[in-house]
Amino acid sequence: MRWTQTFIPTLKEDPADAQVPSHRLMVRAGLIRQLVAGAYTYLPLGFRALQKATQIVREEMDRAGALEILMPAIHPAELWQETGRFADYGDTLMKVRDRKNALLVLGPTHEEVITDLVRHHITSYRQLPVIFYQIQTKFRDEPRPRFGVLRTREFLMKDAYSFDVDLPHLNQSYDKMYHAYCRIFDRCGLKYVVVEAESGPIGGEASHEFMVLADTGEDALVECQQCRYAANLERAEVGDTQAAPPIGSEQPLRKVHTPGRTTIEQVSAFLACQPQQMIKTLIYLADGEPVAVLVRGDHEVNENKLRRALAASRLELADPETIQRVTGAPVGFAGPLGLRVRLLADRAVIHVRNGVTGANEADYHLVGVQPGRDFQPDWIGDLRIASDGDACPRCPGTLHLRRGIEIGHVFKLGTKYSAKLGAHYLDDKGQSHPIIMGCYGIGINRILAALIETSHDEKGIIWSVSLAPYHVLVLPLNVTNPELMQTAERLYRELTELGVEVLLDDRDARAGFKFNDADLIGLPLRIVVGEKALQRGEVELKWRHEATSWTVPVEQAARRAANEIAAALKRLSQPLTRSVSA
RNA sequence: CGGGGUGUAGCUCAGCUUGGUUUAGAGCGCUUGGUUCGGGACCAAGAGGUCGCCGGUUCAAAUCCGGCCACCCCGACCA
């Protein structure tokens, strides 16, 4: 492609509303333009990159044996009401009415639609297993679209759904998808972490997220530096912390007046103690029944863990009236001593010495509290949100808090949808069972944004060879010099014949201008055709990600460049074998 | 949905506080001509704006007031 024949509106200045690097650079490099909040047009360069990502995903899904289909974006609302998700999704569902005033949903995901297909057409174990996938535009009316292409209301997603006869077969399908995901992201040139994620009904390691580490990421995760443990913060387990050496001798229990001090900050400041010395007591309603939950003052309750520990389906913080009734004190003065409800404690609490906690009496706290001596929890375990520096649950290492961009998610669904929608199969004995499902998503747009987010410099984008809109930029320094242009055209022709994707910067512009645009759009390999080198019969090659260039005789240039590109692509598609935690 | 901010030329912004010398401006970009030509050149001449929308106040509104809309940020939310 010739630059003058395509449309690459580069910008010298940063767009005013772009905050994160990927957004800024995608706009400046002429990849995208916004239409409304959370919806972007992909311009030629951006669309080519998107197609590259799409094609890699498609090839690897096909390789894994998944079957590509295309489902509608408009769904009847009734189908969503059948699974209850019409209400669960709430305002995030985009809704439209047709001319008959029937309510339609713009699909945010396709469990309902695929399960509807399967319940009508798959009836026998002989038809299983099967994995369907599609690459299609999804719609979610996000409360807050942001960060350019990272969180939008309309986005391209690869979603796949597996159908199996039982859990062992589901695990096989899951592993297939997991490995396909590793291949996909390796080929894209992304550096990613696979983390355990909240798993829902099946439990165990039933869900993994693929994260690209970036400070601008919206997800928090922890990673162990010694072993391979990594988990979404919602999910992350915490190892048992060693007891801190007791400070001084064990003190007796004492009640102190703390008028109006109800928060950890207020009490710790008032009593001149550390938040980690305090025992925070929270009253929850688990399926309507009050329970008391203890965490250290500097920790937060992880409600997912609490829900599992209680085997509760509904969990909420108690209202002030309930707290008054259970503790005998207003909010802010609850403590574990003397409570008549079930008492659950996070492990860190039992290591506290000379602790501070509420006295279950307005305006009073207790100091010198010794867990074990002064109260005994009914249950002790991991209940808190992991924090930076916590102990790894798998090894003696330490957890580090990181931020990441979620680019993929694999999930064992079980029978959640097949049961509700009646997707059953008959086994070899004629018995009917709900089909066991898994679902597997990849945000295609996020692949591009995540790559740019983690692969750029102050000049612009640094594409991986596999996602780059073109492999090579041929840059003649002076288009009015026929000799330079003949050489540039020759390289363009030869490279194209060798299967290399080339962009020829045939604009009549100054060298510096063209160099800056070249760095901005970030094609992997640049070939400069200039007068000085050409007098020696040479052109100049340079990788975008490297600082130095080298020269090659004109006759060899195309072949050499083609070999470099081929080698780089091959390197990406022969990934290191990664250890799998599934 | 709560809190905050911004809407003026294709882009980035000034002008608004204190209404009228502003016939609405600058830089970048764009067009034409010339000089330049290996890291975002220079000179000259141009094209380009219902000042987000609706209403109000006023002799007079980009500027003051009210309503609405859009976009951005923080939070809540995110199978």
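Everything numeric here is computed off the predicted structure, so don't read it as measured data. (Residues numbered from 1 in each chain as written. Chains lettered and ligands numbered in written order. Predicted model: local features only at pLDDT ≥ 70, side-chain atom pairs only at ≥ 80, totals over all residues. Heavy atoms only, no water.)

**Student:** Would you take a moment to explain the environment of Ala391 for this structure?
**Tutor:** Tracing the chain through its elements places Ala391 in the loop between β20 (379-381) and β21 (399-414). Counting along the chain gives 158 residues from Ala391 to Ser549, while the straight-line C-alpha distance between them is 47 Å. Beyond its immediate chain neighbours, meaning those up to four positions away, Ala391 contacts Val238, Gly239, Asp240, Gly397 and Leu399. (Helix = DSSP H or I, 4+ residues; strand = E, 2+ residues; numbered from the N terminus. Contact = heavy atoms within 4.5 Å.)

**Student:** Is there a simple way to explain the protein's contact with RNA strand B in this structure?
**Tutor:** RNA strand B sits among 35 residues. The nearest are Arg144, Arg151, Gly512, Phe513 and Asp519. Of everything in RNA strand B that lies within 4 Å of the protein, sugar and phosphate atoms constitute 44%. The side chain of Arg146 places a nitrogen or oxygen atom 3.2 Å from a base nitrogen of RNA strand B. Separating a sugar or linking oxygen of RNA strand B from a side-chain N or O atom of Asn516 is a distance of 3.1 Å. (Near = heavy atom within 4 Å. Polar contact = N/O pair within 3.5 Å; in protein donor to acceptor, adjacent residues only side chain to side chain.)

**Student:** Please clarify how the domain arrangement of chain A should be interpreted in this entry.
**Tutor:** You'll often see interface size given as the accessible area lost when the parts meet. Examined at the domain level, chain A breaks down into domain 1 (44-71 + 110-237 + 401-452), domain 2 (72-107), domain 3 (254-381) and domain 4 (470-573). On a C-alpha basis, the centroid separation for the pair domain 1 and domain 3 is 39 Å. Counting residues at the interface gives six residues for domain 1, matched by four residues for domain 3. In this assembly, domain 1 packs against domain 3 so that about 320 Å² is buried in total across both faces, 22% of it on carbon and sulfur atoms. In terms of surface lost to domain 3, no three residues of domain 1 exceed Glu198, Glu234 and Arg235, which account for 71% of the buried area on that side. One can count one salt bridge joining domain 1 with domain 3. Residues Glu198 and Arg308 are paired through a salt bridge, measuring 3.2 Å at the closest nitrogen-oxygen approach. Our count for the domain 1 to domain 3 interface comes out at four residue pairs in polar contact (both at pLDDT 80 or more). (Domains from an automatic or database assignment. Buried area = accessible area lost by both parts, 1.4 Å probe. Salt bridge = Lys/Arg side-chain N within 4 Å of Asp/Glu carboxyl O.)

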